[in-house]
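# Topology and contacts: notes
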Amino acid sequence: MAVKLLGIWQSPFVLRVKLALSLKGVEYEYIEDDILNKSSMLLQYNPVYKKVPVLVHNGKPMAESLVILEYIDEIWKNHPLLPEDPFEKARSRFWAKFVDDKFVPMIIRMLRITSDQKDNAAKETREILKTLEGSLDPNKPFPEDKSLSFMDIAIVWVGYYTQMLEKMLDVKLLDDENTPLLNTWFRVVLNLQVIKECLPPFDKLLTHYTNFHERHTTAS
């Protein structure tokens, strides 16, 4: 097949690429890798970072989820993901980078915290979520399957994985008083059919990261 995607099922970055390919109607071969025992294919196609996702198109590999999204958008012109307006395009890239710069380190931290660190970490996460809410236009309709954009794909996983952290750590992160618009946006978008078809099973995700959290806190 002309398009291959190397990934691991629990990765939010692999989820981004799956969503983009699905929205574009691109057929591809999905190859599950092992984060603890990386395949020779992964090391061949991404020798620099040695991580997923990696998209291989006509034998040519590319890495990093946001880079891959832009490549997909340029190659397959149907269902444009990035807006044509230069300002809106830059704005989409800004918020996508914000998510990666702020949420990824925070989620890694929360997966490793002990009980006495939980409240402070939760407070910081709620502050980041409040900032993220500023990316949404209260006068703009919520996206539908056919109108999902680059920024939607870059952000939507945050809601799903935050719900998982809430349940795993017994904390409140998505607070309707703190971020009412963002919470509603997550509820609407996560319920879209194209999103639901690509999301990893919630219980499996919860079990996976709970085991990770328990191993880390026990070891420490």
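Residues numbered from 1 in each chain as written. Predicted model: local features only at pLDDT ≥ 70, side-chain atom pairs only at ≥ 80, totals over all residues. Heavy atoms only, no water.

## Regarding the UniProt feature "domain: GST N-terminal" (unreviewed entry) in the protein chain
The UniProt record annotates "domain: GST N-terminal" (unreviewed entry) at residues 1–80. Between the end C-alpha atoms of residues 1–80 the distance is 23 Å, and the span holds 38% helix and 21% strand. (UniProt positions renumbered as here; feature names shortened; annotations may be inferred. Helix = DSSP H or I, 4+ residues; strand = E, 2+ residues; numbered from the N terminus.)

## Concerning helix H3 (residues 65–75)
Residues three or four positions apart in an α-helix share a direction because the helix packs 3.6 residues into each turn. Those residues of H3 that fall on the buried side of the exposure criterion are Ser 65, Leu 66, Ile 68, Leu 69, Ile 72 and Asp 73. Projection of H3 onto a plane perpendicular to its axis shows the buried side chains occupying an angular sector of 155°, all on one side. Seen from the open side of H3, the exposed residues pointing more than 90 degrees away from its buried face are Val 67 and Glu 74. Taken together, the buried residues of H3 touch helix H1 (12–24), strand S3 (54–57), strand S4 (60–63), helix H4 (86–110) and helix H6 (150–169). (Buried < 20%, exposed > 50% of the residue type's maximum accessible area, 1.4 Å probe, protein only. Arc of directions from axis to C-beta. Contact = heavy atoms within 4.5 Å.)

## Things to note about the sheet that holds strand S1 (residues 3–7)
Read across the open sheet, the four strands follow the order S2-S1-S3-S4; overall the sheet is mixed. With partners counted over all chains shown, the strands left at the sheet margins are strand S2 (29–32) and S4, one partner each. Going across the sheet, the axis of each strand differs from the next one's by a mean of 20°, ignoring polarity. Pairing analysis gives four bridges linking S1 to S3, with the strands arranged antiparallel. Directly across from Val 3, in S3, lies its bridge partner His 57. Each of S1, S2 and S3 touches H1; the most contacted strand, S1, lies at about 155° to it. The strands touched by H3 within the sheet are S3 and S4, with S3 carrying the most contacts at an inclination of about 30°. (Pairing = 2+ DSSP bridges. Axes fitted to C-alpha atoms, helices over the stretch in contact; angles between N-to-C directions.)

## Quick word on the domain arrangement of the protein chain
Each assigned domain of the protein chain is listed with its residue range as follows: domain 1 (3–75) and domain 2 (86–217). Here the C-alpha centroids of domain 1 and domain 2 sit 21 Å apart. At the interface, 15 residues of domain 1 touch 23 residues of domain 2. In this assembly, domain 1 and domain 2 are joined by two salt bridges. Our count for the contact surface shared by domain 1 and domain 2 stands at six residue pairs in polar contact (both at pLDDT 80 or more). Among the secondary structure elements, those contributing two or more residues to the side of domain 1 that touches domain 2 are H1 and H3. If you tally residues by element for the side of domain 1 that touches domain 2, the top one is H1, at nine residues. Of the residues belonging to the side of domain 1 that touches domain 2, the class tally is nine nonpolar, three polar and three charged. (Domains from an automatic or database assignment. Salt bridge = Lys/Arg side-chain N within 4 Å of Asp/Glu carboxyl O. Polar contact = N/O pair within 3.5 Å; in protein donor to acceptor, adjacent residues only side chain to side chain. Nonpolar A, V, L, I, M, F, W, Y, C, P; charged D, E, K, R; others polar.)

## Considering the pairing of S1
Among the five residues of S1, four are classified as buried, and the element is accordingly described as predominantly covered. In this sheet, S2 lies alongside S1 in parallel orientation, the contact comprising four bridges. In the strand pairing of S2, Leu 6 is matched with Ile 31.

## A few points about the packing of aromatic side chains
One pass over the structure, following the stated rule, counts nine aromatic pairs. Ring plane angle 85° and centroid distance 5.1 Å describe the contact between Phe 94 and Trp 95, whose orientation is recorded as edge-to-face. Measuring from ring centre to ring centre gives 5.2 Å for Trp 95 and Phe 98, while their planes differ by 75°; the resulting arrangement is edge-to-face. In this pair, Trp 95 and Phe 98 are both assigned in helix H4, three residues apart and thus about one turn of the helix distant. Across the pair, exposure class does not vary: Trp 95 and Phe 98 are buried alike. Positioned over the ring face of Tyr 30 is Lys 18, at 4.2 Å from the centre of the ring. Sitting over the face of the ring of Trp 9, Lys 204 holds its NZ or CZ atom 4.4 Å from the ring centroid. (Phe/Tyr/Trp six-rings, centres within 6.5 Å; stacked < 30°, edge-to-face > 60°. Lys NZ or Arg CZ within 6 Å of the ring centre and 35° of its normal.)

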